[in-house]
Amino acid sequence: MEALYATVTGILTACGIYLTLRGRTFPVVVGLTLLSYAVNLFLFSMGGITTGHTTIVDSGQPYADPLPQALVLTAIVIGFAMTAFVVILAMRTRGDLGSDSVDGQRTDEPREERK
Amino acid sequence: MTLLLIVLLPLVGSLVPIASARSGRTTCAWLTAILPAIALGIAAWYTPAVFGGQLPQVSLDWVPALGLDIAFRLDGLSLLFVYLVLGIGLLIILYARYYLSEKDSMSRFYAYLMLFMTAMLGIVTADNLLLMWFFWELTSLSSFLLIGYWSHLSEARKGARMALTVTGAGGLCLLAGILLMGHVVGSYSLTTVLEHRELIQQSSLYQPILLLFLLGAFTKSAQFPFQFWLPHAMAAPTPVSAYLHSATMVKAGVFLLARMYPVLSGTDEWFYIVTLTGLATLLYGAFFALIKQDLKGVLAFSTISHLGLITLLFGFNSKLAAVAGVFHIINHATFKASLFMAAGIVDHECGTRDIRKLNGLWRYMPYTTVLAAVASASMAGVPLLNGFLSKEMFLAQSLEAQMLGGLSWMIPALATLGSVLSVAYSLRFIHDVFFNGEPRDLPKTPHEPPRYMRLPIEILILLCIMVGILPGIMVEPILRAATAAVVPGQAPEIHLALWHGFNLPLMMSAIALSAGVLVYLLRNHIYRFHRQFRAVNARQSFEFSVQRVVRSAQWGLDRFENGSLQRYMFLLLLSAVIVAAFGLMDVPSMAGLKSLQPLDPVVVTGAGILCLAGLGTVMLHRRRLLSLLFLSVVGMFVSLTFARFSAPDLALTQLAVEVVTIILLMLALFFLPQKTPKESSGRRVSRDILLSMIFGGVIASLNYAVLTRPLQSISTYFIENSVPGGGGHNIVNVILVDFRGFDTLGEITVLGIAGIAIYKLLNRLRLFMPSSDMEGRPWSPDRYPVILSSVSQTLLPLALLVSVFIFLRGHNLPGGGFIAGLVAAVVIILVYMSRGVEWTQRRMSFNYQPIAVTGVAIAALTGLGSWVFNKPFLTSSFGHFDIPLIGDIELATAMMFDLGVYLTVVGSTLMILANLGKVTTPHRPSKEKQ
Amino acid sequence: MLTNAIAISALLFMLAIALNFYRLIIGPSIPDRLAALDTMYVNAIGAIILFGMWLNTTLYFEAALLIAMLGFISTVAVCKYLLRGDIIE
């Protein structure tokens, strides 16, 4: 089980990294999202991967480590905020430069309906 | 404690002129003068004690961990400088009142001046090296403000910048030296450091320490080769030059030499570096003082020359020479300040400082002529004036210096040459300006200055004469006290007298005087000689070298920063993976000792789909919408993974966030190209694939290595204290809102800030809107499908109920503010989607920013609330309450905190999504068609 | 008895999810894929409920509730995007 878990984390990381190295904003944003999934899984597993444990007191089951869970929970929400910020930056770049290239180069792509 | 007032009063005094700016110029000057005058009184009150050999000290802890105390001392040397700084400072205040024109802001000038005075007093009285350095830098900063006082002049700005750069760089060297010295001695207290001469001199760090201290002193005192900033600092108003560049700031460097003399001097290194620097500066300054055509330029170079003389005296490693150095500090301050003020009067009354135009002024201002002549004579070392006494001591000491071996005769010879030049430029200052024909095209007709503008000069000249005639009475006590501080152990016998009999120094003086007159008469030959050389403008070469440094830094930066994010990412990830890989190499074996858990087919299938979905997202990333669908599969399976491995809270959060993310990405995708063009070269793609595979491999190995090792958790505390301490059964939630509530408060603040930042970024965004979908089909005309509208309207109350339910039970069962807030936000977004912005806004006519802000405020106030009960920030309490109908319910203050989290999440998420959705509303083309 | 039933149904659910995923990959049209995704949400609900039954706990049922609700909203968003492009207008 551990090996499988680690493999999944590794593959998701690799996918995320590859996409963040692309030259357009949207794949980079998707890559960051994938990467944050991988990171959350990785951090979560620092408390061990357990089946049928719980973080509820007095529920009769053995305890899972609650601390990584609490940290990952906020990480998920903050990750969303950061993704949102990057996405809006990407839109702003396109709006101001007319290109969605991450290097901010002005390219002469056909401008669609412009308002 | 009274000692503190000496520094503190001028500091407070820097506010006085600002406060009294409206009360008229004279009043402003008088009010400004009050506090330094009191400080001077305090110094006078301490004088008998200091002369009696006592050492008043005061010390307050500031940052004890760094060895930084607010500690002051008042030994003889400090007292001498306090007198100089405050005494001349008061005269300058009076002088500046008449010097500054109506257009200049007097309050600003006085405020800077008082700030500078504070800094200077701090340097000379500090009993802690770090504190001294603090004031040292403060003098650099305040002198920057003073030199650049006429900020409309480019010359003033550049001169100020140059002075700041040079003295600031020297200050950094000094700091390094101080840190090294503190390291050697183990304390930054000056009193302690002064007791450890042997320890410092025998340390292997002695040479760096010496070098760094000397760099600090030489840059401040404009010693060769750092002398170039001083002439350009003459762009300052003349009172500033008279104060900073004669009596105080440049003296800070030689003060440092005197201060550190007990611990650093006496070695060969000290002798060679200090003596040769001093000698070079002495001659360099003297020569250029003879050549300059600018009145203040002459004085600036003569100042450089005299500072070189003082430095030279400290370099001689003889106690009497150090005494002579201290003595010359006093003398130079008096005659040079008066000369600067006289030059200021000439400038003020004639409108020019060009010596070629200024001639024969004695007819217009006879009284000023007399004052300037006496001061110049003192500078030249004419008997019966104070300059003569210290110059004689200097010449006598130069005869004693024997460290150059067979070439030792050169030192007195060059010292005499310096004196010759000094006589020549002093004579030039008087003869060329006040006599020698008639003035030529002056902008103004000169006349005597106002009565009180001359008063400061008169006082200083009086001092020159009295010291010159009665040295024993006037300066011997304070000189003795100052010497006791500079020269450790047995004090040398000081015998100041006008007449020492016919001896070699007297003969050298006589030679200097007569040869000086001769040099002056032959000055035209020197000018002709000098004209052969191309003039080097120090400011231009300084600016040039600054620009060169900037350019080369730019060049170096451009190697790394070419503006390509892709490149940065690559370098960043590459270095990260290298660091991580090195860490992994130290691990003896990848697998730990823990036994592995068995696999089951369900998990294998799930993991397979998760991996394939991830890969699908990558492989289809050119078709962006498809890529998004795969991304949502990844998100769902990640939350299933959380559920599978005992983390229901995470599963819930991940589900909600995943939906919100997909909605967000789709909102954004509408304004972005639907497809990614193929533009990466094959080489780049394979390079990126390689890097990401290595990265993934390293992460997987790391994860496996951790998972197979026994777990040592620190969570026992949280598990044990969750119910008794936090009053909640859901440990994850209790950690979030209670144990680590401060973290959460920070995080929701970030969330709120992100929302506000996005709101601002969307402001006036120019958009590109596709008029058809990616296959070229026109958009459907049905904006709000009826079925969708009715379903979502039905769902709304139910979903809000779910949200409240998840929120309320969060403290005891999976749930909580984060999840509940996201659910509520998603449902409201659903209404936006199905009914449109206008419909929704009519029913929910409020902004989301206040909600998010209120949320953060509630959370923070809950935390602050515990202060009311005298508990630390964010202490929670809880209790059980019996409420009719509902029954026994447990309420915790953590619930309030969670409410803050809830509101912040709702507010921020809606701020992001709804505002993003609203962007298009006013521009929608189909609306116009309707 | 119940354990066996749960095991068999879990396997069947996973098979269903795998088939959904297959449809999601091959498409061919976007609505096909969207339908596959939506069905996948439904099957995930079943899987989670089964998991809870297997562990004999109710802790995970809210997750099922949320998948039901949020999966619907997610599908609605994609549909709206396909129809109108701009999902909030």
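Quantities reported herein were computed from a predicted structural model and do not represent experimental measurements.

**Quick look at the overall build of chain B**
- A count of helical and extended segments in chain B gives 38 helices and 5 strands.
- A buried classification covers 58% of the 930 residues belonging to chain B.
- In chain B, of all internal contacts separated by at least 6 residues, the share reaching a separation of at least 24 is 78%.
- Accessible surface, chain B: about 37,600 Å² in total, of which carbon and sulfur atoms supply 67%.

**Some points on empty space enclosed by the protein**
- The full count for this structure, using the stated rule, is 7 cavities of 30 Å³ or more.
- Taken as a whole, the largest cavity spans an internal volume of roughly 80 Å³.
- Lining the largest cavity are A:Thr33, A:Ser36, A:Tyr37, A:Asn40, A:Ile76, A:Gly79, A:Phe80, A:Thr83, B:Gln654, B:Val657 and B:Thr661.
- Taken together, the elements giving at least two residues each to the lining of the largest cavity come down to helix 2 (25-44) and helix 3 (66-97) of chain A together with helix 29 (648-669) of chain B.
- Each residue belonging to the lining of the largest cavity can be placed in one class, and the counts come to 4 nonpolar, 7 polar and no charged.

**Quick word on the environment of C:Thr75**
Residues and elements named next belong to chain C.
- Relative to the helices and strands, Thr 75 resides in helix 3 (residues 61-84).
- With relative accessibility at 12%, the residue Thr 75 sits in the buried group.
- Residues Thr 75 and Tyr 41, 34 residues apart in the sequence, show an inter-C-alpha distance of 9.6 Å.

**Here we look at the packing of aromatic side chains**
- One pass over the structure, following the stated rule, counts 30 aromatic pairs over all chains.
- Where A:Phe44 meets B:Phe642, the ring centres are 5.1 Å apart and the plane angle is 85 degrees; that geometry is what we call edge-to-face. One end of the pair, A:Phe44, is in helix 2; the other, B:Phe642, is in helix 28 (residues 624-644), on a second chain. Of the two residues examined, A:Phe44 and B:Phe642, each falls in the buried class.
- With 4.7 Å between their ring centres and 40 degrees between their planes, B:Tyr284 and B:Phe288 make a pair best called tilted. One end of the pair is B:Tyr284 and the other is B:Phe288, both in helix 14 (residues 268-291) and 4 residues apart, which spans about a single turn.
- Of the residues examined, B:Tyr284 reaches a relative accessible area of 25% and is grouped as partly exposed.
- Counting every residue linked through ring pairs, the aromatic cluster contains B:Phe224, B:Tyr284, B:Phe287, B:Phe288 and B:Phe301.
- Cation over ring: A:Arg22 sits above A:Tyr18, and NZ or CZ is 4.2 Å from the ring centre.
- For B:Arg687, the ring lying beneath its charged end belongs to B:Phe570, and the centroid distance is 3.7 Å.

**Concerning the interface of chain A and chain C**
- Taken together, the contact between chain A and chain C spans 6 residues of the former and 5 residues of the latter.
- Both sides of the chain A and chain C interface together cover about 320 Å² of buried area, and 66% of this is carbon and sulfur.
- A per-residue breakdown of the area chain A buries against chain C is headed by A:Thr51, A:Gly52 and A:Gln61, which together make up 69% of the total.
- Taken together, the connections running from chain A to chain C amount to 0 salt bridges.
- Remark: the boundary between chain A and chain C carries 0 residue pairs in polar contact (both at pLDDT 80 or more).
- Here the side of chain A that touches chain C is composed, by residue class, of 1 nonpolar, 5 polar and no charged.

**Regarding helix 18 (residues 386-400) of chain B**
Residues and elements named next belong to chain B.
- Here helix 18 contains 15 residues, and its C-alpha end-to-end distance of 22 Å stays within 8% of the 21 Å for a straight helix at 1.5 Å per residue.
- Along helix 18, 12 of the 15 residues are buried, which leaves the element largely enclosed by surrounding structure.
- Looking at helix 18, one finds that the buried residues are Asn 386, Gly 387, Phe 388, Leu 389, Ser 390, Lys 391, Glu 392, Met 393, Phe 394, Leu 395, Gln 397 and Ser 398.

**Here we look at unusual backbone geometry**
All names here are of chain B.
- Cis geometry marks the peptide bond from Phe 224 to Pro 225; its omega dihedral reads 5 degrees.
- Within the element layout of this structure, Pro 225 appears in the loop between helix 10 (206-220) and helix 11 (229-232).
- Despite not being glycine, Leu 384 shows a phi value in the positive range, around 80 degrees.
- Along the polypeptide, Leu 384 turns up in the loop between helix 17 (366-380) and helix 18.

**Focus: the layout of surface pockets**
All names here are of chain B.
- Volume-wise, the largest pocket comes out at about 1,600 Å³.
- Lining the largest pocket are 47 residues, with Glu 155, Pro 231, Asp 294, Gly 297 and Arg 353 positioned closest to its centre.
- Secondary structure elements with two or more residues in the lining of the largest pocket: helix 11, helix 14, helix 15 (295-315), helix 16 (319-350), helix 24 (523-531) and helix 25 (538-560).
- Within the lining of the largest pocket, the residues separate by chemical class into 22 nonpolar, 12 polar and 13 charged.
- There is about 700 Å³ of room inside the second largest pocket.

Parameters at a glance
- Residues numbered from 1 in each chain as written.
- Chains lettered and ligands numbered in written order.
- Predicted model: local features only at pLDDT ≥ 70, side-chain atom pairs only at ≥ 80, totals over all residues.
- Heavy atoms only, no water.
- Helix = DSSP H or I, 4+ residues; strand = E, 2+ residues; numbered from the N terminus.
- Buried < 20%, exposed > 50% of the residue type's maximum accessible area, 1.4 Å probe, protein only.
- Contact = heavy atoms within 4.5 Å.
- Areas by Shrake-Rupley, 256 points an atom, 1.4 Å probe, with all protein chains shown as cover.
- 1 Å grid on protein atoms, 1.4 Å probe; cavity = no way out; pocket = protein on both sides within 12 Å on 5 of 7 lines; lining within 4 Å.
- Points joined across faces, edges and corners; volume = space filled by probe spheres on them.
- Nonpolar A, V, L, I, M, F, W, Y, C, P; charged D, E, K, R; others polar.
- Phe/Tyr/Trp six-rings, centres within 6.5 Å; stacked < 30°, edge-to-face > 60°.
- Lys NZ or Arg CZ within 6 Å of the ring centre and 35° of its normal.
- Buried area = accessible area lost by both parts, 1.4 Å probe.
- Salt bridge = Lys/Arg side-chain N within 4 Å of Asp/Glu carboxyl O.
- Polar contact = N/O pair within 3.5 Å; in protein donor to acceptor, adjacent residues only side chain to side chain.
- Expected span 1.5 Å × (residues − 1).

Just distances and angles here, no functional claims.
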